[in-house]
Amino acid sequence: WGIPIPPRVLESMDLAQIWAIAAVHQVLEDYGYPQRPLDPNRVAVILGNAMGGESHYNSTLRIRAVELIDALEGVEAFQGLSSSLKQALIQGMQTRIQARFPSVTEDTMPGELSNIIAGRVANVFNFTGPNFVTDAACASSLAALQSAIEGLSSFQFDAVLTGGVDRSMGPESFVKFSKIGALSPDGSRPYAEGANGFVMGEGAACFLLKRLEDAEKAGDRIYAVIRAVGSSSDGKGKGITAPNPLGQQRAIERAWKNACVSPASVGLIEGHGTSTPVGDVTEVSSLNVIFGNLGLPKGSVALGSVKSNIGHLKSASGAAGLLKTVLALHEKVLPPSANFEKPNSQIDFAHSPFQVNTASRPWPKPDNDVRRAGISAFGFGGTNFHVVAEEYVPGMSIGESRSFTGVDVKTVSQQKTGNTLYSGLLFLGSDSAAGLKTTVAQMLEEHRKSNVLPPSQIPSSMEIKQPERLVFGYTSTEELIKQGEKALKVLENESLAKWQALAAQGVFRGSGRPGKLAFLFPGQGSQYVNMLRDLRDVEPVVADTFREADEIMTPILGRTLTSYIYVEGDEASLKQAEEDLRNTTITQPAVLTANVALLRVMQKFGFQPDMVIGHSLGEYAALVAAGVLTFAEALEVVSARGREMARVSMEDNGCMAAVSAPLKEVENLLKTVDGYVVIANINSPIQSVIGGATVAVEAAIAAFMAAGYQAVKIPVSHAFHTRIVAPASEPLRQVIARMNVQPPHLLVAANVTGKPYPADREEILDLLARQVASPVQFIQGIETLYQNGARTFVEIGPKRVLNSLAVDILKDFADV
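Peer 1: Kindly report on the overall build of the protein, identifying the contributing residues and their values.
Peer 2: Across its full length, the protein carries 30 helices and 28 strands. Expressed along its principal axes, the backbone C-alpha trace of the protein runs to roughly 100 × 70 × 55 Å. The burial tally for the protein puts 51% of its 816 residues in the buried class. Within the protein, contacts between residues separated by at least 24 positions form 78% of all contacts whose residues are at least 6 apart in sequence. Total accessible area on the protein stands at roughly 35,500 Å², and carbon and sulfur atoms take up 53% of it. Averaging the positions of the 72 positive and the 83 negative side-chain charges in the protein gives two centres separated by 2 Å.

Peer 1: Would you mind going over the pairing of strand 1 (residues 43–48) in detail, with residue names and values included?
Peer 2: Counting buried positions over the 6 residues of strand 1 gives 6, a clear majority of the element. Burial of strand 1 is two-sided: the residues Val43, Val45 and Leu47 facing one way and the residues Ala44, Ile46 and Gly48 facing the other way are all buried.

Peer 1: Give me the lowdown on the packing of aromatic side chains, citing residues and values where you can.
Peer 2: Scanning all chains against the criterion turns up 7 aromatic pairs. With a centroid separation of 6.2 Å and 25° between ring planes, the pair formed by Phe125 and Phe127 is classed as stacked. For the pair formed by Phe125 and Phe127, the shared burial category is buried. Centroid distance Phe519 to Phe521: 6.4 Å. Interplanar angle 80°. Geometry classified as edge-to-face. With respect to class, Phe519 is no different from Phe521; both count as buried. Between the NZ or CZ atom of Arg723 and the centre of the ring of Tyr676, over which it lies, the distance is 3.7 Å. Between Arg791 and the ring centre of Tyr786, over which it is positioned, the NZ or CZ distance is 3.7 Å.

Peer 1: Before we move on, can you summarise the side chain of Glu283 with the specific residues and values?
Peer 2: Tracing the backbone shows Glu283 in helix 12 (residues 277–291). Summary of buried charges: Glu283 has no salt-bridge partner, and the nearest side chain of opposite charge, Lys307, is 7.4 Å away.

Peer 1: Tell me what's going on with the packing of helix 4 (residues 65–73) against helix 6 (residues 83–100), and back it up with residues and numbers.
Peer 2: Remark: helix 4 packs on helix 6, axes separated minimally by 11 Å, with the N-to-C direction vectors making an angle of 155°. By the angle between their directions, the pair helix 4 and helix 6 is classed as roughly antiparallel. With respect to the hand of their crossing, helix 4 and helix 6 are arranged in right-handed fashion. Counting all contacts with helix 4, which are made through Ala65, Leu68, Ile69, Leu72 and Glu73, the residues of helix 6 involved are Ile90, Met93, Gln94 and Ile97. Among the residues forming the contact of helix 4 with helix 6, the class breakdown is 7 nonpolar, 1 polar and 1 charged.

Peer 1: Quick rundown of the packing of helix 25 (residues 663–670) against helix 26 (residues 694–706)? Include the residues and the values.
Peer 2: Two elements in contact, helix 25 and helix 26, have axes whose closest approach is 10 Å; the angle formed by their N-to-C orientations is 125°. Comparing their axes, helix 26 and helix 25 come out oblique. Taken as a pair, helix 25 and helix 26 cross one another with a handedness that is right-handed. Residue-level contacts link Glu665, Val666, Leu669 and Leu670 of helix 25 to Ala700, Ala703 and Phe704 of helix 26.

Parameters and conventions
Residues numbered from 1 in each chain as written. Predicted model: local features only at pLDDT ≥ 70, side-chain atom pairs only at ≥ 80, totals over all residues. Heavy atoms only, no water. Helix = DSSP H or I, 4+ residues; strand = E, 2+ residues; numbered from the N terminus. Buried < 20%, exposed > 50% of the residue type's maximum accessible area, 1.4 Å probe, protein only. Contact = heavy atoms within 4.5 Å. Areas by Shrake-Rupley, 256 points an atom, 1.4 Å probe, with all protein chains shown as cover. Lys, Arg positive; Asp, Glu negative; His and termini not counted. Charge placed at Lys NZ, Arg CZ, Asp CG, Glu CD. Phe/Tyr/Trp six-rings, centres within 6.5 Å; stacked < 30°, edge-to-face > 60°. Lys NZ or Arg CZ within 6 Å of the ring centre and 35° of its normal. Salt bridge = Lys/Arg side-chain N within 4 Å of Asp/Glu carboxyl O. Axes fitted to C-alpha atoms, helices over the stretch in contact; angles between N-to-C directions. Parallel < 35°, antiparallel > 145°, perpendicular 65-115°, else oblique. Left-handed = near helix turned anticlockwise from the far one by under 90°. Nonpolar A, V, L, I, M, F, W, Y, C, P; charged D, E, K, R; others polar.

Below, the structure is given as structure tokens:
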């Protein structure tokens, strides 16, 4: 490259720096540089590294040799030696240390520092864009990737060399990893039975990134497209080195949301897969939370970890996983994960869309879509990263895919019509499956002739009474045609799994006699800053609901409720707003308002529920829907509910934890725990929330973890739905008693009993007073709705919280 590295400098350089230079040389050679142009002034170098290399251990030993000699001089046996022998031993020791470890010069420090890894690359190849190193432990290289993408997107530079380098596999690392039980004595086997840790590896992986349009314009060879990176912190998790499923889920959810594509389009997950007993189970469980309810067929998504093949590259591991995935997308091959013979018995692969891929095989192209993958890396300190990458298809702009939001993957890239923001809806029905196929074929023929966006065609009753039904949610003629073509194929050979997969793409199938409609209202935990903002800006019903809430809540809060919900500003302002919104006195009216706003939108378009249920706080929105309380009354009640719960002050206000385990196992394990701890939320057959005295809950968490189940403490001020908050019950009843409580005009499944609400006023008051300190009987409530004819369950809230619980409860009921 015309810039020779002086021998003395080369001798002082850590291998991590040399490897980075070598890896970048290979990247540039593949690109064709310098024959193919790159403006050196517009090239950045951003690499991931956590520990520099091992050179600093050597120089440190040389410098601190005096301390070793001092220790030797303090040994009683040494002091008894003759002066000449002592001097000879000290001199000999100094000589051997100096011979073994290199001299410390002006080149020593630059040869050891982590940030110099990127600096060396910039120096050797004369790139004058920004250069730096990111440290996120084992996620360092994906942190570097995120910074690289952000710099490209903001036009700080036009090309960036990014990736990861790790040269830290000496005895120091080995001993420290052994102390935390992370290393395996006999091999890495991610997600497999017998997984007992990883084998360390070392290496470098590097990429040259450009903005897609620039790469296409320059005629570059493009191996893959990175759509998005999502990242998160665990916050106050179980420990600074313990995996936190909620943190992992946030990173994955954010990545797919930022990618503006459906998670249901995933074909490969390159997991973090460290092969540690807790890590693998936590990771697959987190993946199942995001991908498990999208209708993906069992075992349809390949799962693997490059750590099984080359060991754990630590700070470069994310780059190694990304390299594997990029090549898989480019070659259209699903690569194998090694050392997998039998699935980890603690991972529920039987009810999962994931299957560990053990043989190289062709990667089938999805219908009307591209091959797409997710890559995860998680690091000590509770830092989590996930990348969404897809194959490169010439001429297909990255912005052409539909936009999605949240984990529920429902299309929200709507068209504006007048002052509203909604997707088109098309309902089709027939007396037979054959007739439905004919109807779909006729629809396709009609719309293929026209490029005009078809208007929504919704029956005035919002029902299709024919026994065979299809509903399409679309944003363009092209999308409707693609949906219709897919539906036509599935109608040729129908299966529940196929329709579940199409449901994630906006196509819904009904067969047989239509059942009743149930609305599900979530409670605390579904709130977020700026929730429903887009809808409020264009939908008068929503704007009016929040305006009404402001009028009622301003005297109570001292400022408008919406000033807590809708916030502009920098990251610090938004973080503070999120914190304020977690205050139960703010959360409760905020969530109620959002739920009622969405209820009113549904009613505006003719969707009237036959029955309702709410979860905890959500029960008040259900009571509004059933006419038991007006919205204004419910706001006043939930405000009092929040205040009274906050006023409960004891020596121990208790705590709560989310548990992923069969309900019977939860009940049995809690019997073995000393102290007060109960199931506070009976949410589904495999998910519950426990609450009680802090010491008892923490002991229960330890018991669940020891038994191989997940249990994560929830950040709450009190142990809600336990006897700890019982003092709030009577003051709350007095507030509700002042309201004009009416008998419900439709069925409401009660949290306290799981059965229909009574019509008697005093019984209603008793139920609502008891609800604060009673377990939430959500399973029984959902089953009550089903027994009364509900077959369609729709969550009415700002997030998807209850849908997955209802799916778990009703998964064995084929007619839902």
